[in-house]
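# Structure assessment
What follows is each chain in one-letter form.
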Amino acid sequence: NAPVTDDDILHIEAKVNAEILANAATQARVMDLEAAQKTGAMMLFGEKYGETVRVLDIGSSRELCGGTHVGDTGEIGNFILKAEASVAAGVRRVEAVVGAAASKYLTQVNEKLHKQIIQLTEACAGIAAKMNTHITAPSWNENSSVDVLNDTIFALQVSQKELSKKLESQEALLVNELFEAHQQSFVNINNIHFMGVHLKMSNSENLKKLAQQLGALHTTSVVILTAESGGKANIALSISEDLVSSKSWQAPTIIKEKIAPLIKGGGGGQKTLATAGGQDATQLDKVLDIIKNMIA
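So, here's what we can say about the structure. In this text, all values refer to a predicted model and were calculated from it rather than measured experimentally.

If you look at the biggest cluster of nonpolar residues, it comprises 26 residues, and the most contacted ones within it are Val 222, Ile 224, Ile 235, Leu 237 and Ile 259. Put simply, the parts of the chain that give this core at least two residues each are strand 7 (192–199), strand 8 (221–229), strand 9 (232–239), helix 6 (241–246), helix 7 (251–263), strand 11 (273–278) and helix 8 (284–295). Filtering out sequence-adjacent residues up to four positions away, Ile 235 remains in contact with Leu 207, Ile 224, Leu 225, Thr 226, Ile 255, Ile 259, Ile 263, Ala 274, Thr 275, Ala 276, Leu 284 and Val 287. By size, the runner-up hydrophobic cluster in this structure holds 17 residues, among which are Val 175, Val 197, Leu 214 and Leu 273.

Next up, the structure:
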């Protein structure tokens, strides 16, 4: 009554391959329907059977079947399940390849997987070159094994962890540098310390962290920070507690009503600190103007 899971597929493959390895002889018998039912043979619901039926024993399975079959299960060779789908209410069909077709299918899958890993490796290598680390793409030929792919995946995982740590470290330094650089960037508008700045920052969490740190410098402050990453907009808005009380300005409300529609996105947060993300980064100048005009 539900899609077959990956674990189910592995279980089915293991069970069928165990029957194949047992190399059990198959047996087909023709008998009347009543006698067949007494043998416990499986009958498919909805099928119409005549008075005489063919009972097939193959491995541990016994069913009514009119097809042509192997003499023993060992002739099937390797069994690899490719797909599954619903064919009726409560009934699912699995599709598989066997024998030489299974070997060919495995080769194709390995080659496709290798190409994907090479592409990923090359992409990571480009980043690694800038981060003073190194990844080498594996060589591949008809004698290559899955071990080659596993070794490459492991190397990528290790390198990814190293890159992530370096990136986190650099982002943390960037936040500190920007905090130092913009402490004097506030302007006084109606006795409110306002800051609206575009930044080059890809991490939205760090943008939020910086807005919070800058907003804490003054008891009456509004800080709006914007950044573009891959054509998408990231925004962080900080409003001091005093202004939340005296002006009834709430950061999530402003984000949702005034900013999110502009950047074709959404956002939210706490009353003094909220963020937004959207698909349109062309309106970031207007975002700053909206908040500045709100204060003026």
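With that settled, the discussion passes to the sheet that holds strand 1 (residues 27–32). By definition, the strands of a sheet pair up through backbone hydrogen bonds, in either a parallel or an antiparallel sense. Taken together, the three strands give an open sheet; going across it, the order is 1-2-3, and neighbouring strands pair in antiparallel fashion. Across the chains shown, the open sheet's two edge strands, defined by having one partner strand only, are strand 1 and strand 3 (61–64). For this sheet, the mean angle separating the axes of adjacent strands, direction not counted, is 20 degrees. As paired elements, strand 2 (residues 52–58) and strand 3 share four bridges and run antiparallel to each other.

Bringing the pairing of strand 10 (residues 265–270) into the picture now. Relative to strand 11, strand 10 runs antiparallel, the two being bridged by six bridges. Residue Gly 269 lies in a different strand from strand 11, and its bridge partner there is Ala 274. What sits between the antiparallel neighbours strand 10 and strand 11 is a turn of two residues.

Once their charged atoms are close, side chains differing in charge can pair, the charge on each being opposite to the other. All told, the structure shown has five salt bridges when counted by the stated rule. The shortest N-O distance in the salt bridge between Arg 29 and Asp 57 comes to 2.9 Å. One end of the pair, Arg 29, is in strand 1; the other, Asp 57, is in strand 2, with 28 residues separating them in the sequence. For Arg 29, a relative accessible area of 26% translates into the label partly exposed. You can call Asp 57 buried: its relative accessible area is 12%. Across the pair Glu 241 and Lys 271 runs a salt bridge whose closest N-O atoms are separated by 3.4 Å. In this pair, Glu 241 sits in helix 6 while Lys 271 sits in the loop between strand 10 and strand 11, placing the two residues 30 residues apart along the sequence. Among the charged side chains, a salt-bridge network with shared partners connects Arg 29, Asp 57 and Arg 62.

What follows covers the layout of surface pockets. When its volume is computed, the largest pocket comes out at roughly 1,200 Å³. Contributing to the lining of the largest pocket are 36 residues, with Val 16, Met 42, Ser 61, Glu 63 and Val 94 lying nearest its centre. Residue assignment for the lining of the largest pocket shows that the elements contributing at least two residues are helix 1 (6–21), strand 2, strand 3, strand 4 (79–88) and strand 5 (91–98). Element by element, the count of residues in the lining of the largest pocket is highest for strand 5, at seven residues. Looking at the lining of the largest pocket residue by residue, the classes come out as 18 nonpolar, ten polar and eight charged.

Along helix 7, the sharpest kink reaches roughly 35 degrees, centred on Glu 257 and followed within four residues by the proline Pro 261. Those residues of helix 7 lying buried are Ala 251, Pro 252, Ile 254, Ile 255, Ile 259, Ala 260, Leu 262 and Ile 263. Against strand 8, strand 9, strand 10, strand 11 and helix 8 lie the buried residues of helix 7. Of the residues flanking the end of helix 7, it is Lys 264, one or two places downstream, whose phi is positive at about 55 degrees.

A pair of packed helices is captured by two measures, namely the crossing angle of their axes and the spacing between those axes. Running from N to C, helix 7 and helix 8 cross one another at 155 degrees; their axes reach a closest spacing of 9 Å. Here helix 8 runs roughly antiparallel to helix 7, going by the angle between their axes. Here the hand of the crossing between helix 7 and helix 8 comes out right-handed. Between helix 7 and helix 8, the contacting residues are Ile 254, Lys 258, Ile 259, Leu 262 and Ile 263 on the first element and Leu 284, Lys 286, Val 287, Ile 290, Ile 291 and Met 294 on the second. Taken together, the residues of the contact of helix 7 with helix 8 sort by class into nine nonpolar, no polar and two charged.

Parameters at a glance
Residues numbered from 1 in each chain as written. Predicted model: local features only at pLDDT ≥ 70, side-chain atom pairs only at ≥ 80, totals over all residues. Heavy atoms only, no water. Core = buried A, V, L, I, M, F, W, Y, C linked by side-chain atoms within 4.5 Å. Buried < 20%, exposed > 50% of the residue type's maximum accessible area, 1.4 Å probe, protein only. Helix = DSSP H or I, 4+ residues; strand = E, 2+ residues; numbered from the N terminus. Contact = heavy atoms within 4.5 Å. Pairing = 2+ DSSP bridges. Axes fitted to C-alpha atoms, helices over the stretch in contact; angles between N-to-C directions. Salt bridge = Lys/Arg side-chain N within 4 Å of Asp/Glu carboxyl O. 1 Å grid on protein atoms, 1.4 Å probe; cavity = no way out; pocket = protein on both sides within 12 Å on 5 of 7 lines; lining within 4 Å. Points joined across faces, edges and corners; volume = space filled by probe spheres on them. Nonpolar A, V, L, I, M, F, W, Y, C, P; charged D, E, K, R; others polar. Bend = angle between axes of the 7 residues up to and from the residue. Parallel < 35°, antiparallel > 145°, perpendicular 65-115°, else oblique. Left-handed = near helix turned anticlockwise from the far one by under 90°.

In short, shape yes, function no, at least from these values alone.
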